[in-house]
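Architecture at a glance
If you want the building blocks of each chain, they are given just below.
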Amino acid sequence: MNTDKQHWADREERGSFWLMKFTAFAAKVLGRRLLSPLLYGIVLYFFLFGRSARHSAWQYQQRLADWSARPDLRPNQWRVFGQFMAFADSMLDKLDVWNGKLSIEQIEIIDPALLRNQLRGTRGQMLVGAHLGNLEVCRALAEIGEKVTMNVLVHTKHAEHFNRLLGEAGATNLRLIQVSELDPVIMLQLHERLERGEWLAIAGDRVPLHGGRSVTVDFLGYPAKFPQGPWLLAGLLKCPVNLLLCLKKPDGDYRLTLEPFADAITWKRSDREQVIHQWASRYAERLSHYCLEAPQQWFNFYPFWKTDDDANA
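Residues numbered from 1 in each chain as written. Predicted model: local features only at pLDDT ≥ 70, side-chain atom pairs only at ≥ 80, totals over all residues. Heavy atoms only, no water.

1. Re the overall build of the chain
The secondary structure content of the chain amounts to ten helices and nine strands. Residue burial in the chain is summarised as follows: out of 313 residues, 52% are buried. (Helix = DSSP H or I, 4+ residues; strand = E, 2+ residues; numbered from the N terminus. Buried < 20%, exposed > 50% of the residue type's maximum accessible area, 1.4 Å probe, protein only.)

In structure tokens, the structure reads:
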């Protein structure tokens, strides 16, 4: 029986911070070419000794294969290892973003609704992404593209430390804001930022630390918990919502997709749960679509679907 009650964020946020700190330091000292073997070695270690992470990646690949009726996507050890290596590769790409080595020419922007034309509008909007691909490239919009301020909402307690590292790396228009709880102070701050024309970005595929509000919806054919936060936040702030996905292409460049999602999210007290469930379900459907576009770029290495087997693992 699994006695580890620790939430994914308790396990991962400290590791994420120190990995980012190490990566930023090593990038300055070694550069990407010399750092690559070291980072791949670290990821290989986690693959070999991270039983839970391997199981989670295997489960994701199996469910994606079954949901899509694509036998070629069924997991094996090599495909699971490939997902770990894709994560290492994404970390190296973050270096290029932080160090200003990613040019706008390396990003194919899919924006059929011309949402980029609204980036400098009178009021900001919300972007909902996922731990799929490399959302760090959203800095391309903030820094090298449209010169707008992008506020990335995170659950980590180390937000200020991350901000310091980002600043040292040269990110001037990208800021992390901790939103473990939607208290009045945070809501006022976010409202003011939207009014100044700044944009908010948040991931829609991780339930926050310490039992944040969640909703269970179908994802790849099985029930899974998704956070209510993005949809509650959009309704309270009365702002449009768009999806933002950035997937790496086989040639090494990126495809950044901006997709309109909701002009407004509104509810009455009597139907709030139903409305939240509706938007979370629609988000899970779109996430499934994009997972199929980049099957090995899903970087949630923890039990995403809670099952009896997981509880007894």
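2. Details of the environment of Leu 95
Positionally, Leu 95 belongs in helix 4 (residues 77–98). Along the primary structure Leu 95 and Arg 32 are separated by 63 residues, whereas in three dimensions their C-alpha atoms are 7.4 Å apart.

3. Comments concerning the pattern of salt bridges
All chains considered together, the criterion is met by ten salt bridges. Between Glu 259 and Arg 286 there is a salt bridge, with the nearest N and O atoms lying 2.9 Å from each other. You can see Glu 259 sitting in strand 9 (residues 254–262) and its partner Arg 286 sitting in helix 9 (residues 272–293), a full 27 residues away along the chain. We classify Glu 259 as buried; its relative accessible area is 14%. The network of salt bridges with common partners includes Asp 89, Asp 93 and Lys 248. (Salt bridge = Lys/Arg side-chain N within 4 Å of Asp/Glu carboxyl O.)

4. Thoughts on the UniProt feature "transmembrane region" (unreviewed entry) in the chain
Taken from the UniProt record, the annotation "transmembrane region" (unreviewed entry) applies to residues 34–53. Here residues 34–53 is 95% helix and 0% strand, with 27 Å between the C-alpha atoms at its ends. (UniProt positions renumbered as here; feature names shortened; annotations may be inferred.)

5. Examining the packing of helix 7 (residues 184–195) against helix 8 (residues 229–237)
Between helix 7 and helix 8, the least distance of the axes is 11 Å, while the angle of their chain directions is 65 degrees. By the angle between their axes, helix 7 is roughly perpendicular relative to helix 8. Considering how the two elements wind past one another, helix 7 and helix 8 form a crossing that is right-handed. Taking contact as the criterion, the partners of Met 187, Leu 190, His 191 and Leu 194 in helix 7 are, on helix 8, Leu 233, Leu 236 and Leu 237. Tallied by class, the residues present in the contact of helix 7 with helix 8 amount to six nonpolar, one polar and no charged. (Axes fitted to C-alpha atoms, helices over the stretch in contact; angles between N-to-C directions. Parallel < 35°, antiparallel > 145°, perpendicular 65-115°, else oblique. Left-handed = near helix turned anticlockwise from the far one by under 90°. Contact = heavy atoms within 4.5 Å. Nonpolar A, V, L, I, M, F, W, Y, C, P; charged D, E, K, R; others polar.)

6. What about helix 9?
Because an α-helix packs 3.6 residues into every turn, residues spaced three or four apart end up facing the same way. A rise of 1.5 Å per residue sets the reference length of helix 9, with its 22 residues, at 32 Å; its end C-alpha atoms lie 32 Å apart and thus fit the reference within 8%. Restricting attention to buried positions, one finds in helix 9 the residues Val 275, Ile 276, Trp 279, Ala 280, Ser 281, Tyr 283, Ala 284, Leu 287, Ser 288, Tyr 290 and Cys 291. (Expected span 1.5 Å × (residues − 1).)

7. Comments concerning the nonpolar core
Of all hydrophobic cores here, the largest spans 49 residues; its most connected members are Leu 132, Phe 219, Phe 226, Trp 231, Val 241, Tyr 283 and Leu 287. The greatest single-element share of this core, amounting to nine residues, is contributed by helix 9. Those residues in contact with Phe 219, other than ones at most four positions away along the chain, are Ala 224, Phe 226, Ala 284, Leu 287, Ser 288, Cys 291, Trp 298, Phe 304 and Trp 305. By size, the runner-up hydrophobic cluster in this structure holds 16 residues, among which are Ile 107, Cys 246, Tyr 254 and Leu 258. (Core = buried A, V, L, I, M, F, W, Y, C linked by side-chain atoms within 4.5 Å.)

8. Concerning unusual backbone geometry
Phi is positive for Leu 220, which is not a glycine, with a value near 55 degrees. With respect to the element layout, Leu 220 can be found in the loop between strand 6 (214–219) and strand 7 (222–227). Backbone geometry at Lys 238 places phi at a positive 55 degrees, although glycine is not the residue there. Mapped onto the fold, Lys 238 is located in the loop between helix 8 and strand 8 (241–248). Judged by its relative accessible area of 68%, Lys 238 is exposed.

9. Side note on the packing of aromatic side chains
With the rule as written, the count across this model stands at 22 aromatic pairs. Between Phe 219 and Trp 305, the aromatic rings sit 5.5 Å apart at their centres with planes inclined by 10 degrees, giving stacked as the arrangement. Of this pair, Phe 219 sits in strand 6 while Trp 305 sits in the loop between helix 9 and helix 10 (308–311), placing them 86 residues apart in sequence. Phe 219 gets classed as buried once you look at its relative accessible area, which sits at 0%. (Phe/Tyr/Trp six-rings, centres within 6.5 Å; stacked < 30°, edge-to-face > 60°.)

10. Some thoughts on the environment of Asn 134
For Asn 134, the location among the structural elements is in the loop between strand 2 (126–129) and helix 5 (139–145). As for Asn 134 and Asp 89, which are separated by 45 residues in sequence, their C-alpha atoms are 9.9 Å apart. With sequence-adjacent residues up to four places away left out, Asn 134 is seen in contact with Ser 90, Asp 93, Lys 94, Cys 246 and Tyr 254. Among the polar contacts made by the side chain of Asn 134, one reaches the main-chain carbonyl oxygen of Ser 90 at a distance of 3.2 Å. Of note is the side chain of Asn 134, whose polar atom sits 3.3 Å from the side chain of Tyr 254. (Polar contact = N/O pair within 3.5 Å; in protein donor to acceptor, adjacent residues only side chain to side chain.)

11. So, the confidence of the model for the chain
The pLDDT averaged across the chain works out to 79; a share of 73% of its residues lies at or above 70. Highest mean pLDDT in the chain belongs to helix 9 (96); lowest belongs to helix 10 (42). Per-residue pLDDT stays below 50 along residues 1–15; that stretch engages in 28 contacts with residues further than four places along the chain or on separate chains. Confidence drops under pLDDT 50 across residues 308–313; counting only partners more than four residues distant or on other chains, this segment forms eleven contacts. (pLDDT = per-residue confidence, 0-100.)

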